[in-house]
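Summary of structural features
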There are 2 protein chains.
Amino acid sequence: MESHLSITEVAAHTGLSAHTLRYYERAGLIAPVARAPGGQRRYAAADLEWIGFLLRLRETRMSIGQMQVFARLRGEGAASTAERRQMLETHLQEVEASIKAMQDAARALQAKIEHYRTLEASLQDTPKKTGRTKPCP
Amino acid sequence: MESHLSITEVAAHTGLSAHTLRYYERAGLIAPVARAPGGQRRYAAADLEWIGFLLRLRETRMSIGQMQVFARLRGEGAASTAERRQMLETHLQEVEASIKAMQDAARALQAKIEHYRTLEASLQDTPKKTGRTKPCP
DNA sequence: CTAAAAGTTTGAGTGCACTCCAAGTCAAGC
DNA sequence: GCTTGACTTGGAGTGCACTCAAACTTTTAG
C-alpha cells in the first residue's frame, strides 16, 4: 500500500506548500524522499506519517531547530528512543504551560468583551446614567 | 496613586525589555508616555494596565498589526467600543480554535511518549519478545 | 511532436517581532 | 566638576520560518 504521492499531492494533503516541503527536506526535517526515474519526489505512506507528526510539533510551536534535533535522533534509530522521549516530555511541559497561559489570557479577553457589552448597553439602550450624548435643551 | 515608573522599572515589572517598550510606543501600541522634565519616560498606572492587556493579546498570538488597529480604536474613545468588542470576539474564536488544536497535538505527543516508554521497556528491561540485542550462542 | 504544466535546484528575498548600535543627553554619587 | 550609569533618538541588524526567482528538466495532454 505504498503511496507514491507527488509533491503537490502531499502539499494538498498536509496543507504545507510544495515550497515548504522542499524546505523541510533541505533542512533535514524530512529524510531524502524517494525519486521517480525522472528525479521527481515520490512520497511513501511513512513519509506522510512523519510529516503529520512534524505538523503536530509545529502546531505546538516547536522551533525548526528543535525539530532538526529530533529528526536527527530519529535517523539514529532505536538507540535514541530515550533521548527523543525526553525531548518530547520537555516540550510537552512547555506546551501545557503555554496552553494554560493562553487559557488565562482568553478568560481575560472574555471578561473584556463582557465589559464592552455592558458598556454598549448603557451607551445605546438607555443613555440615562451616563447620558453624555448631548440631547438636552 | 500615580506610578511614575521609569522604563527599566516597567521592563522589570512586565517582562518586556526597555527596547521593546520603546518599540511598542513607536509602533503606536502604547500612546506617547508622559515625560520627566529631562525627557525620560514616566509610566502611569493606566499605562501599566494597558501594557498588561497588550501582553494578554500577545500571549494569545495577536499580531502587532492587529494590536495597532486595536490601539488606534482605543484612541478613538467610547465610539469604537463595538468595533473593539468585535475584534476581540473574532480573535477569541481564533484563540479558542488554536487552543483546541494545541490540546489535540499535545495528546498526540503524550501518546508518542507512551509509545517510547513501552519501546524502552521492551528494549531494556526484558529483551525477550523482540530480543534483537544479539546475546545468543 | 509540441505546448503547457509540473517538477527540479541553488540562492536570494520577505515579513514579522524584536534587538541592537551610535551618538548624544540626563541624573546621581563622590 | 567629574565620572558612571541610565536614558534618549533614528536607523540598522538579527533570527526565524518560510516564500519566491531563475533557469532548467520532465511529464502529460492534445
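Scroll up for the structure.
Counting restarts for each chain: residues are numbered from 1 in the order of the written sequence. Working convention: letters from A go to chains and numbers from 1 go to ligands, in the order in which they are written. The predicted nature of this model means local features are confined to residues of pLDDT at least 70 and side-chain atom pairs, given and counted, to a pLDDT of 80 or more, with totals for whole chains, interfaces and linings taken over all residues. Side-chain calculation: all heavy atoms of the structure are included, whereas hydrogens and water are not.

**Quick word on the packing of helix 3 (residues 45–59) of chain A against helix 4 (residues 64–75) of chain A**
Residue and element names in this part refer to chain A. Heads up, the condition is: With axes taken as lines fitted to C-alpha atoms, and helix axes fitted only over the stretch in contact, angles between N-to-C directions fall between 0 and 180 degrees. Labels follow the DSSP assignment, with helices taken as runs of H or I lasting at least four residues and strands as runs of E lasting at least two, numbered in each case from the N terminus. Here a crossing is called left-handed whenever its near helix is offset anticlockwise from the far helix by less than a right angle, and right-handed whenever the offset is clockwise. By the convention used here, residues are in contact when the closest approach between their heavy atoms is within 4.5 Å. Think of it as three bins: nonpolar holds Ala, Val, Leu, Ile, Met, Phe, Trp, Tyr, Cys and Pro, charged holds Asp, Glu, Lys and Arg, and polar takes everything else, Gly as well.
Axis separation between helix 3 and helix 4 bottoms out at 11 Å; the angle between their running directions is 145 degrees. Every pair of crossing elements has a handedness; the one defined by helix 3 and helix 4 is right-handed. Residues Trp50, Phe53, Leu54, Leu57 and Arg58 of helix 3 form the contact with helix 4, whose participating residues are Met67, Phe70, Ala71 and Arg74. Within the contact of helix 3 with helix 4, the residues separate by chemical class into seven nonpolar, no polar and two charged.

**Side note on helix 3 of chain A**
Residues and elements named next belong to chain A. Worth spelling out the cut-off: In this analysis, the expected span of each helix is defined as 1.5 Å times one less than the number of residues it contains. With a 1.4 Å probe rolled over the protein chains alone, any residue whose accessible area is under 20% of its type maximum counts as buried; one over 50% counts as exposed, and the rest are partly exposed.
Taking 1.5 Å as the rise per residue, helix 3 with 15 residues should run 21 Å; its terminal C-alpha atoms sit 21 Å apart, in good agreement. Of all the residues in helix 3, the buried ones are Leu48, Trp50, Ile51, Phe53, Leu54, Leu55 and Leu57. Looking one or two places after helix 3, you find Arg61, whose phi comes out positive at around 60 degrees.

**A closer look at the interface of chain A and chain B**
The criterion, for reference: Defined here as a combined quantity, buried area equals the accessible surface (1.4 Å probe) lost by two parts on assembly, summed across both. A pairing counts as a salt bridge when a side-chain nitrogen of Lys or Arg comes within 4 Å of a carboxyl oxygen of Asp or Glu. Residues adjacent in sequence count toward polar contacts only when both atoms are side-chain atoms; beyond that, a polar contact is any pair of N or O atoms within 3.5 Å, and within protein one must be able to donate a hydrogen and the other to accept it.
Each side of the interface is counted separately: chain A has 35 residues, and chain B has 35 residues. Note on chain A versus chain B: buried area summed over both sides is about 3300 Å², and carbon and sulfur give 73% of it. Of all residues in chain A, Met102, Leu109 and Tyr116 of chain A bury the most surface against chain B, accounting for 20% of the area lost on that side. Scanning the region where chain A abuts chain B turns up four salt bridges. With a shortest N-O distance of 2.3 Å, Glu120 of chain A and Arg85 of chain B are connected by a salt bridge. At the junction of chain A with chain B, the criterion picks out six residue pairs in polar contact (both at pLDDT 80 or more). At the level of secondary structure, the elements contributing two or more residues to the side of chain A that touches chain B comprise helix 3 and helix 5 (81–125) of chain A. Top element by residues in the side of chain A that touches chain B is helix 5 of chain A. It accounts for 27 residues.

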